[in-house]
Amino acid sequence: MNIYETCPTLESERFILRLFEDYDCDDLLAVYSDKNALPFFNSDNCDGDNFYYPTKERMAEAIAFWRMSYENGWFARLSIVDKATASVIGTVECCKRVSDDAFNNMGILRVDVRSDYEEENVLYDLFSLITPKLDEMIGCQGVLTKVPIYAVERIKAIQKVGFTKSEHLLIGKTGYAYDGYWTIE
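What you see is a predicted model; the values in this text were computed from it and never measured.

Colleague: I'm lost on the overall build of the protein chain in this one. Help?
Modeller: Each helix and strand in the protein chain was counted, giving five helices and 10 strands. What you see for the protein chain is a C-alpha radius of gyration of 15 Å, in line with the 16 Å of a compact globule of 185 residues. Overall size of the protein chain, expressed as C-alpha extent along the three principal axes, is 40 × 35 × 35 Å. Taking all 185 residues of the protein chain together, 53% fall into the buried category. Expressed as a percentage of contacts within the protein chain between residues at least 6 apart in sequence, the contacts between residues at least 24 apart total 63%. Of the roughly 8,900 Å² that the protein chain leaves accessible, carbon and sulfur atoms contribute 49%.

Colleague: Would you take a moment to explain the pattern of salt bridges for this structure?
Modeller: Note that side chains of opposite charge can pair when their charged atoms are close. The full count for this structure, using the stated rule, is 17 salt bridges. Salt-bridge contacts for Asp 44 lead to Lys 146; the nearest nitrogen and oxygen are separated by 2.9 Å. With Asp 44 in the loop between helix 1 (25–32) and helix 2 (56–71) and Lys 146 in strand 6 (residues 143–146), the pair connects residues that are 102 residues apart, well separated along the chain. The same class applies to Asp 44 as to Lys 146, namely buried. The partner of Asp 116 in a salt bridge is Arg 114, and the shortest N-O contact between them spans 2.9 Å. Looking at Asp 116, the relative accessible area reads 43%, which means it is partly exposed. Look at the salt bridges and you will find they share partners, linking Arg 77, Glu 93, Arg 110 and Asp 112 into a network.

Colleague: Can you walk me through helix 3 (residues 120–130) in this structure?
Modeller: One full turn of an α-helix is made of 3.6 residues, so residues set three or four places apart face in the same direction. Judged by how many residues are buried, helix 3 sits mostly within the fold: eight of 11 residues are covered. Among all positions of helix 3, only Glu 120, Val 122, Leu 123, Asp 125, Leu 126, Phe 127, Leu 129 and Ile 130 are buried.

Colleague: Explain the packing of helix 1 against helix 2 here, please?
Modeller: At a closest axis distance of 9 Å, the pairing of helix 1 and helix 2 adopts a crossing angle of 105°. Comparing the axis directions of helix 1 and helix 2 gives the class roughly perpendicular. Each of Cys 25, Asp 26, Leu 28, Leu 29 and Tyr 32 in helix 1 lies in contact with helix 2, whose residues at this interface are Lys 56, Met 59, Ala 60, Ile 63 and Trp 66. Tallied by class, residues from the contact of helix 1 with helix 2 come to eight nonpolar, no polar and two charged.

Colleague: Even after reading the chapter, I still don't get helix 1, so can you show me in this structure?
Modeller: What helix 1 keeps buried is the set Cys 25, Leu 28, Leu 29, Val 31 and Tyr 32. Taken around the axis of helix 1, the buried residues stretch over an arc of 160°, which confines them to a single face. Those residues of helix 1 that are buried lie in contact with helix 2, strand 3 (76–82), strand 4 (87–96) and strand 5 (107–113).

Colleague: Even after reading the chapter, I still don't get unusual backbone geometry, so can you show me in this structure?
Modeller: Backbone geometry follows two general trends: most residues other than glycine have a negative phi, and most peptide bonds adopt the trans configuration. Not every positive phi belongs to a glycine, and Ala 86 is a case in point at roughly 55°. Examined against the element boundaries, Ala 86 turns out to sit in the loop between strand 3 and strand 4. The backbone of Asn 105 sits at a positive phi, close to 65°, despite the residue not being glycine.

Colleague: How do you make sense of the nonpolar core when you look at a structure like this?
Modeller: Generally speaking, a soluble globular protein has its nonpolar side chains buried in company with each other. Residues Leu 17, Ile 80, Val 111 and Leu 134 are the most contacted members of the largest nonpolar core, which totals 37 residues. Mapped onto this core, the elements with two or more residues apiece are strand 2 (15–19), strand 3, strand 4, strand 5, helix 3, helix 4 (134–138), helix 5 (152–161) and strand 10 (181–184). The dominant element in this core, judged by the number of residues it contributes, is helix 3, at six residues. When neighbours within four sequence positions are excluded, Val 111 is seen to be in contact with Ile 80, Thr 91, Val 92, Leu 123, Leu 126, Phe 127 and Arg 154. Ranked by size, the runner-up nonpolar core spans 26 residues in total, among them Leu 29, Met 59, Ile 63 and Ile 108.

Reading the values: rules and limits
- Residues numbered from 1 in each chain as written.
- Predicted model: local features only at pLDDT ≥ 70, side-chain atom pairs only at ≥ 80, totals over all residues.
- Heavy atoms only, no water.
- Helix = DSSP H or I, 4+ residues; strand = E, 2+ residues; numbered from the N terminus.
- Rg over C-alpha atoms; globule rule 2.2 N^0.38 Å.
- Buried < 20%, exposed > 50% of the residue type's maximum accessible area, 1.4 Å probe, protein only.
- Contact = heavy atoms within 4.5 Å.
- Areas by Shrake-Rupley, 256 points an atom, 1.4 Å probe, with all protein chains shown as cover.
- Salt bridge = Lys/Arg side-chain N within 4 Å of Asp/Glu carboxyl O.
- Axes fitted to C-alpha atoms, helices over the stretch in contact; angles between N-to-C directions.
- Parallel < 35°, antiparallel > 145°, perpendicular 65-115°, else oblique.
- Nonpolar A, V, L, I, M, F, W, Y, C, P; charged D, E, K, R; others polar.
- Arc of directions from axis to C-beta.
- Core = buried A, V, L, I, M, F, W, Y, C linked by side-chain atoms within 4.5 Å.

Shown next as structure tokens:
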């Protein structure tokens, strides 16, 4: 399967992960304008974008960029739909990393959720839903995700999925070294 040809829809008891749509804009605005969620977003190597979009116009611009990036095979972003409320409560971004560091050919997994969803059980459900599928979706050899040391709920969730803290630094495009990565083979 090539995620850039056909993006799969993944489903658990509580969530649906599907390719983002323009009509997700209002729900996504609630995620990306949430200042309490912002510290959990991984913006490493993203050319200065911190994923804070406080207006509908800025959110729409981000969605347009995500669409162009998907069409060019740079990364795929999936909306996270809470089935109980039928609302989008965040996104999952994934791409295959090609690099000269310890993370070459690994899948980068970013999970952004509203702050009221930054809970161990929610994050466990999301990470356990997508992590096993990434190899098939993007052809990677292992998965890495960034988790800040203060993200205690997220750390507990990914440890339950099987991630372990990496001793390696992720070397960015400009040579900057980022820490805080966890991996699963």
